[in-house]
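Inside the fold
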Amino acid sequence: RVEEGRVECCGLLQPLMRSDFMSDRAFALVQLLELGGAEGAAAQSDAKAEWCKHSIGTEQYIQSVAAADSADTPANIRALLREPFFNMALAGHSRTVARAWCGNRKRALLTKEGLALTQELFVKIGKVNQMSAYGFIGTFGQVKAFDDSLKAVLLRALKDMKEQVKDEESLNNQLGRLIAGVE
């Protein structure tokens, strides 16, 4: 019955993928990616082919892929970074993926794979454009609220990130202040 419900939801979302309004299409793509399966993969492929013909559509595609709350999202983001249209040097691309991914703190910080991706993205983006990486710092803003074991994991991640961007003065300073506030 769960699979039947998933397929039915996918069917209900398909008309939105053809809407005249990009906000409807983006909503549908995120939902389809979260539902997964062949329908999600097909929707992603179709959206990439259609939306990435234009810079605004490209940024919406990046945002939708990175914002999906799915176990597949880290792999989808890594694949996104390898796409020929993705340019880390463009603030619109790097900030969009950073903001969308960081918007889901549960995955970005509280899963092992998500935390690894957060660290990876922070370093890759920060070495190209420090300002675009600032969103990641805010994601760690509530580290003090977690229990000691989780706080220790997140603090270790912050220290690793700081070590990897030691030549990026602004990011290094921001991380130093964040770490000092947690310790």
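For the structure itself, look to the data block above.
Rules and cut-offs
- Residues numbered from 1 in each chain as written.
- Predicted model: local features only at pLDDT ≥ 70, side-chain atom pairs only at ≥ 80, totals over all residues.
- Heavy atoms only, no water.
- Helix = DSSP H or I, 4+ residues; strand = E, 2+ residues; numbered from the N terminus.
- Core = buried A, V, L, I, M, F, W, Y, C linked by side-chain atoms within 4.5 Å.
- Buried < 20%, exposed > 50% of the residue type's maximum accessible area, 1.4 Å probe, protein only.
- Contact = heavy atoms within 4.5 Å.
- Salt bridge = Lys/Arg side-chain N within 4 Å of Asp/Glu carboxyl O.
- Phe/Tyr/Trp six-rings, centres within 6.5 Å; stacked < 30°, edge-to-face > 60°.

This paragraph deals with the environment of Pro84. Locating Pro84 in the fold gives a position in the loop between helix 5 (73-81) and helix 6 (91-102). Note: C-alpha distance between Pro84 and Ala68 (16 residues apart in sequence) is 21 Å.

Core analysis: the biggest nonpolar cluster contains 53 residues, and Tyr61, Phe122, Phe136 and Phe140 have the highest contact counts within it. Residue contacts for Phe140: discarding those within four places in its chain leaves Leu109, Leu115, Thr118, Leu154, Leu158, Met161 and Leu178.

A word on the pattern of salt bridges. Taken as a whole, this structure holds 13 salt bridges when the rule is applied. Across the salt bridge formed by Arg25 and Glu50, the nearest N and O atoms sit 3.2 Å from each other. Placement of the pair is Arg25 in helix 2 (residues 22-35) and Glu50 in helix 3 (residues 37-51), with a sequence separation of 25 residues. Of the charged contacts, one joins Glu83 and Lys48 as a salt bridge, the two residues approaching to 2.8 Å between their closest N and O atoms. With Glu83 in the loop between helix 5 and helix 6 and Lys48 in helix 3, this residue pair connects regions lying 35 residues apart in the sequence. The class for Glu83 is buried, based on a relative accessible area of 19%. If you follow the salt bridges from partner to partner, you end up with Arg78, Glu113, Glu120 and Lys124 in one network.

By the definition in use, this model includes two aromatic pairs. When the ring of Tyr61 is compared with that of Phe85, the centres are 5.9 Å apart and the planes differ by 75 degrees; the resulting orientation is edge-to-face. Pair noted here: Tyr61 is in helix 4 (residues 55-67) and Phe85 is in the loop between helix 5 and helix 6, with a separation of 24 residues, a long-range link. A ring pair is formed by Phe122 and Phe136, whose centres lie 6.0 Å apart and whose planes are at 85 degrees; its orientation type is edge-to-face. Placement of Phe122 in helix 8 (residues 112-128) and of Phe136 in helix 9 (residues 134-139) is noted, with a sequence separation of 14 residues between them. Phe122 gets classed as buried once you look at its relative accessible area, which sits at 0%. Judged by its relative accessible area of 0%, Phe136 falls in the buried class.

Shape is all these values report; function is a separate question.
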